[in-house]
Amino acid sequence: MQNTKEQILKIIENTEEVINVEELEKKLTKKEKLTVKLGIDPTANSIHLGFAVVLRKFRLLQDLGHETFLILGDFTALIGDPSGKNKTRPMLTKEQIQQNLQTYIPQLGKIIDLSKTKIVYNSEWLSKMKPEEIVKLTSQYTLAQMLEREDFKNRYKSNEPISLHELLYPLFQAYDSVHLKADIELGGIDQKFNFLVTRYIQEKYNQEPEIAVMMPILEGIDGINKMSKSLNNFIGIDEKPLDMFVKIMSIPDNLIKRYFSLCTSIPSENVEKLFSLYNNPKDIKLILAKEIVSIYHGENKANESYDEFINVYSKRELPSNIPLIKLPNSLIDNDNNINIIDALYLTGLAESKAEAKRLLSHGGIYLNGNKITNKIVKYSEPFILRLGKFNYYSLIKE
RNA sequence: GGGCAGGUGGCCGAGCGGUCAAUGGCAUGGGACUGUAAAUCCCACGGGCGAGAGCCCUACAGUGGUUCAAAUCCACUCCUGCCCA
């Protein structure tokens, strides 16, 4: 076990806010193993780099030897965290949640040490709460306190619906910490309100308030909004190496340093060195992309993706793996002519014929490197289509 | 329980009897430019048929109605907000 000062420095590194450091120090000197809580909302079925920021901190606390609990919020998912939302979330069924978790947990293992992780479902205790206990819990907090919260306040002011059950979310989340007697809770800074409620409630239940370790919210590849699935600006940690690489390359230049600090373990002084070494941000971004891909897919795959990226996206050469698409024989007539609109639609490359026509009329279809303008073309192998800038498909006879 | 205002395309939001597959913004897709970009400019953005002009189908919460004609009017139902109890 490292000394307290060193631990604190590591814990607060790259955080957005910690409430509060003095209490953390006290806890660390008093107890060797702290109880660390991370609640996850099992509505997602894939983890993206934004959430990985929090998971990486969780991993750090594991490496520091603390007792780490991962709470699968199957009960609270029935409510849906209202944080940052301007709408009531749809409720999920138990089955949906169960299904999501099956793909979710293996992904977690890419970042955290599952052998050291105690995985618990909060329905274990929340479902067993008696109405009397719920009344006691809810009596600890007032409506005015709840409405201080930014998103509730906004929704209330702009006449958006707020269901009563949404008000319970922070309270149940708080109760999780009471149940675990949590010393530290991890989360994004968007959880601040919930964490403050939790600290307050813990005290009401005669517990020491937990330390809230809050990580920054990583911007998505649009560079503006927080990374999230619903905005489709995310980079999933289970994405294919090249897809991941390309997405990382597409982040705005001004986010390069942020991604380095939040998504990699490269020390900031090394990043500064890179910036003095290279003039073109693209070159630094290439290093960033390679680094992140290697975290999730290993160095070999990262190098392969790098080469592939240079080939396909810089040099505009053919990718090494072009998906093969089977072409039904009926599409090719006796004169070996093929209607490209029908072909795209029937092979699923275009969602509708209208979409395929749009592509064609905008000059977005290339056959073996040549732009095509007529929907009827002669079929001969190889028949490599490029749709848009970088989507290649090789169509072969069935 | 009473009164009022609403529910329109992925989202926001105009339209309030024919000229509406529905203005505008955002998002998205394609093109030009480029560093994969970004910024900027151009184009498209329900679906089917057609080389094309165009034609047809399905859509404006739901159901039923009025009308030659309805996103637009009426009735009822569902959903949301506000005011009064």
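Within each chain, residue numbers correspond to sequence positions counted from 1 in written order. Chain labels run from A onward and ligand labels from 1 onward, assigned in the order the entries are written. pLDDT decides what is reported in this predicted model: residues at 70 or higher carry local features, side-chain atom pairs at 80 or more are listed and counted, and totals for whole chains, interfaces and linings draw on all residues regardless. Where side-chain values are given, they derive from all heavy atoms of the structure, hydrogens and water being excluded.

J.: Any chance you could explain the environment of Thr35 here in plain terms?
T.: Helix and strand assignments come from DSSP, with helices taken as H or I runs of at least 4 residues and strands as E runs of at least 2, each series counted from the N terminus. For Thr35, the location among the structural elements is in strand 2 (residues 35-40). Partly exposed residues are those whose accessible area sits between 20% and 50% of the maximum for their type, while under 20% is buried and over 50% is exposed, using a 1.4 Å probe and protein chains only. Given the relative accessible area of 11%, Thr35 is considered buried. Considered as a pair, Thr35 and His66 are 31 residues apart in the sequence and their alpha carbons are 6.5 Å apart.

J.: How should the protein's contact with RNA strand B be read in this particular structure?
T.: Around RNA strand B there are 27 residues in total, and Met249, Tyr313, Lys353, Ala354 and Arg358 lie nearest to it. A breakdown of the atoms of RNA strand B within 4 Å of the protein gives sugar and phosphate a share of 71%. Residues adjacent in sequence count toward polar contacts only when both atoms are side-chain atoms; beyond that, a polar contact is any pair of N or O atoms within 3.5 Å, and within protein one must be able to donate a hydrogen and the other to accept it. One of the side-chain N or O atoms of Asn159 is found 3.3 Å from a sugar or linking oxygen in RNA strand B. Contact between RNA strand B and Ser314: a phosphate oxygen at 3.2 Å from a side-chain N or O atom of the residue. Every element with two or more residues in the surface near RNA strand B is listed here: helix 14 (281-297), helix 15 (299-314) and helix 17 (353-361). Considering each element in turn, the surface near RNA strand B owes the most residues, 5 residues, to helix 17. Gly is placed with the polar residues, together with every amino acid not listed as nonpolar (Ala, Val, Leu, Ile, Met, Phe, Trp, Tyr, Cys and Pro) or charged (Asp, Glu, Lys and Arg). Tallied by class, residues from the surface near RNA strand B come to 8 nonpolar, 9 polar and 10 charged. Residues are counted as near a molecule or strand when any one of their heavy atoms sits within 4 Å of it.

J.: It is not clear to me how the pairing of strand 13 (residues 391-397) should be interpreted in this structure. Could you clarify?
T.: Regular strands place their side chains on alternate faces of the sheet. Pairs of strands are assigned from DSSP output, requiring at least two bridges between the strands. Here 4 bridges tie strand 7 (residues 324-327) to strand 13, and the two strands are oriented parallel to one another. Of the residues in strand 13, the one forming a bridge with Ile325 is Leu395. In this structure, strand 12 (residues 384-387) lies alongside strand 13, joined through 4 bridges in antiparallel fashion. Bridging from a neighbouring strand, Ile384 pairs with Ser394 of strand 13. In sequence, strand 12 turns back onto strand 13 through a hairpin of 3 residues, with Gly388 there showing a positive phi of about 70°.

J.: Just to check I follow, could you spell out the packing of helix 11 (residues 241-249) against helix 15 for this structure?
T.: Two packed helices can be described by the angle between their axes and the distance between those axes. Throughout, an axis means a line fitted to C-alpha atoms (over the contacting stretch in the case of helices), and angles, computed between N-to-C directions, take values from 0 to 180 degrees. Contact pair helix 11 / helix 15: the axes reach a minimum separation of 9 Å and the direction vectors enclose 60°. Between helix 11 and helix 15 lies a crossing whose hand is right-handed. On the side of helix 11, the interface is formed by Pro241, Leu242, Phe245, Val246 and Met249, while helix 15 contributes Lys301, Ala302, Ser305, Tyr306, Glu308, Phe309 and Tyr313. Of the residues contributing to the contact of helix 11 with helix 15, the split by class is 9 nonpolar, 1 polar and 2 charged. The crossing is said to be left-handed when, going from far helix to near helix, the turn is anticlockwise and less than a right angle, and right-handed when the turn is clockwise. By the convention used here, residues are in contact when the closest approach between their heavy atoms is within 4.5 Å.

J.: Is there a simple way to explain the environment of Asn391 in this structure?
T.: Structurally, Asn391 can be placed in strand 13. Each C-alpha atom, one on Asn391 and one on Asp74, is 39 Å from the other, the two residues being 317 residues apart in sequence. Once residues within four sequence positions are removed from consideration, Asn391 is found in contact with Leu385 and Arg386.

J.: I'm lost on the sheet that holds strand 9 (residues 365-367) in this one. Help?
T.: Strands pair in a sheet through their backbones, by hydrogen bonds, and they do so in one of two ways: parallel or antiparallel. Here 5 strands make up an open sheet; going across it, the order is 7-13-12-9-10 and the pairing mixed. For this open sheet the edge positions go to strand 7 and strand 10 (370-371), each flanked by a neighbour on one side alone.

J.: I would appreciate a short explanation of unusual backbone geometry in the present structure.
T.: Excluding glycine, residues mostly have negative phi values, and the peptide bonds linking residues are mostly trans. Cis geometry is found at the peptide bond from Ile19 to Asn20, where omega equals -20°. Relative to the helices and strands, Asn20 resides in the loop between strand 1 (17-19) and helix 2 (21-30). Cis geometry is adopted by the peptide bond preceding Pro382, which originates at Glu381 and carries an omega value of 0°. Within the secondary structure layout, Pro382 lies in the loop between strand 11 (376-378) and strand 12. Non-glycine residue Arg316 carries a positive phi angle of around 55°. One can find Arg316 in the loop between helix 15 and strand 7. In this structure, Asn336 takes a positive phi of about 70° despite not being glycine. For Asn336, the position within the fold is in the loop between strand 7 and strand 8 (337-339). Overall, the relative accessible area of 28% leaves Asn336 in the partly exposed class.

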